[in-house]
Amino acid sequence: MAMDMKQLFSVKNKVVLITGGSRGIGEMMATGFVESGAKVYISSRQAKACDEVAKRLTQKGPGNCIPIPADLQKYEDCEKLLKELAKHEDHLDVLINNAGATWGATVEDYPEAAFQKVMDLNVKRVFTVTQLALPLLSAKSTHEQPSVVINIGSIAGLTTPSHGTYAYSASKAAVHQLTKHLATHLADKHILVNAIAPGSFPSKMMKETLEKFGDVIVDRVPVHRVGTPEDIAGTALYLSSRAGHYTNA
């Protein structure tokens, strides 16, 4: 029986929510989904940026992009995000937990408040948003057509960073473990959970790091380059399509 290769990697008409979708790799993934015909909701703390990106991506098509601004540091904004989504959609095919923050300082001077902020957004809110999205994720999920959760981790959570981003590396290590835990318990609900550990991408978060350590970072990467929009979008599209339905953490 021949495979339908066009459908194997298709995300056409899928409903997607990407947190932190107005910039960086969030925007890169949103672009990939919209250009593949998906209906993409993006969320970010900055309403103006969220609106501008959504408008620009919708103009590109063939899919469309809808903004839902939310400050995910606030639990009530997480609730508002999913309630607003539920006003427009009766299900959710793909949730990408991408919103995150970082902070760099010496171990002696690392602020307690900064550590807490990074851990809250990078770890706690991955769980919070996934938890609140479960009714929509499970609404139409089946054995043949499971819903998908993608958590954006980091190689910083799998290796030992050489610079002082202590909370960031700890939070991303937690994201990878949380992903495995969720994957085990949500599989029976026909919800697949996976994590992507991006390397270095030209984003606002990585700008200062790449400026200071770009040559060293690129030298350590086997392919000797930073990531491109196609790299991160392609990985997310694979995990969200039929091609990735046997991949679960």
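Not measured: the values here are computed from a predicted model.

Participant: Teacher, can you tell me more about the pattern of salt bridges here?
Facilitator: Oppositely charged side chains can pair when the atoms bearing their charge come close. For the structure shown, the criterion picks out six salt bridges. Between lysine 87 and glutamate 84 there is a salt bridge whose closest N-O contact spans 3.4 Å. Residue lysine 87 and its partner glutamate 84 are both found in helix H4 (residues 75–88); the two are separated by three residues, about one turn of the helix. Linking aspartate 120 and lysine 124 is a salt bridge whose minimum nitrogen-to-oxygen distance equals 3.5 Å. Placement of the pair is aspartate 120 and lysine 124 together in helix H5 (residues 112–139), with a separation of four residues, close to one helical turn. Residue lysine 124 is classed as partly exposed on the basis of its relative accessible area of 42%.

Participant: Hey, could you run me through the sheet that holds strand S5 (residues 147–152) in this one?
Facilitator: In any sheet, the strands associate via hydrogen bonds between backbone groups, in a parallel or an antiparallel arrangement. Judged by pairing direction, the sheet is parallel, and its six strands sit side by side in the order S3-S2-S1-S4-S5-S6 without closing on themselves. The outermost strands of the open sheet, each flanked by one partner alone, are strand S3 (64–67) and strand S6 (191–196). Neighbour-to-neighbour, the strand axes of this sheet turn through a mean angle of 15°, independent of strand direction. Both strand S1 (residues 15–19) and strand S4 (residues 94–97) contribute to a ladder of three bridges, which runs parallel. Bridge assignment links isoleucine 18 to a residue of S4, and that residue is isoleucine 96. In this fold helix H3 (residues 47–60) packs onto strand S2 (39–43) and S3, with an angle of close to 170° to the strand it touches most, S3. Against the sheet, H5 contacts S1, S4, S5 and S6, and its axis sits at roughly 175° relative to S4.

Participant: Explanation requested: the packing of aromatic side chains in the structure shown.
Facilitator: Scanning the model with the defined rule gives two aromatic pairs in all. An angle of 70° between the planes, with centres 5.6 Å apart, marks the rings of tyrosine 110 and phenylalanine 115 as edge-to-face. Exposure remark for tyrosine 110: the relative accessible area of 13% places this residue in the buried category. Between the aromatic rings of tyrosine 110 and tyrosine 166, the centroid separation amounts to 5.9 Å while the plane-to-plane angle is 80°, which identifies the pairing as edge-to-face. Of this pair, tyrosine 110 sits in the loop between S4 and H5 while tyrosine 166 sits in helix H6 (residues 166–186), and the two are 56 residues apart along the sequence.

Participant: Looking at this structure, I do not really get the packing of helix H2 (residues 24–35) against H3. What am I missing?
Facilitator: Each pair of packed helices can be described by the angle between their axes along with the distance between the axes. One way to put it is that H2 packs onto H3 with a least axis distance of 9 Å and a crossing angle of 30°. With respect to H3, the axis of H2 lies roughly parallel. Crossing handedness for the pair H2 and H3: right-handed. Along the contact surface, H2 presents Glu27, Ala30, Thr31, Val34 and Glu35, while H3 presents Val53, Arg56, Leu57 and Lys60.

Conventions used here
Residues numbered from 1 in each chain as written. Predicted model: local features only at pLDDT ≥ 70, side-chain atom pairs only at ≥ 80, totals over all residues. Heavy atoms only, no water. Salt bridge = Lys/Arg side-chain N within 4 Å of Asp/Glu carboxyl O. Helix = DSSP H or I, 4+ residues; strand = E, 2+ residues; numbered from the N terminus. Buried < 20%, exposed > 50% of the residue type's maximum accessible area, 1.4 Å probe, protein only. Pairing = 2+ DSSP bridges. Axes fitted to C-alpha atoms, helices over the stretch in contact; angles between N-to-C directions. Contact = heavy atoms within 4.5 Å. Phe/Tyr/Trp six-rings, centres within 6.5 Å; stacked < 30°, edge-to-face > 60°. Parallel < 35°, antiparallel > 145°, perpendicular 65-115°, else oblique. Left-handed = near helix turned anticlockwise from the far one by under 90°.

By themselves these figures say nothing about function.
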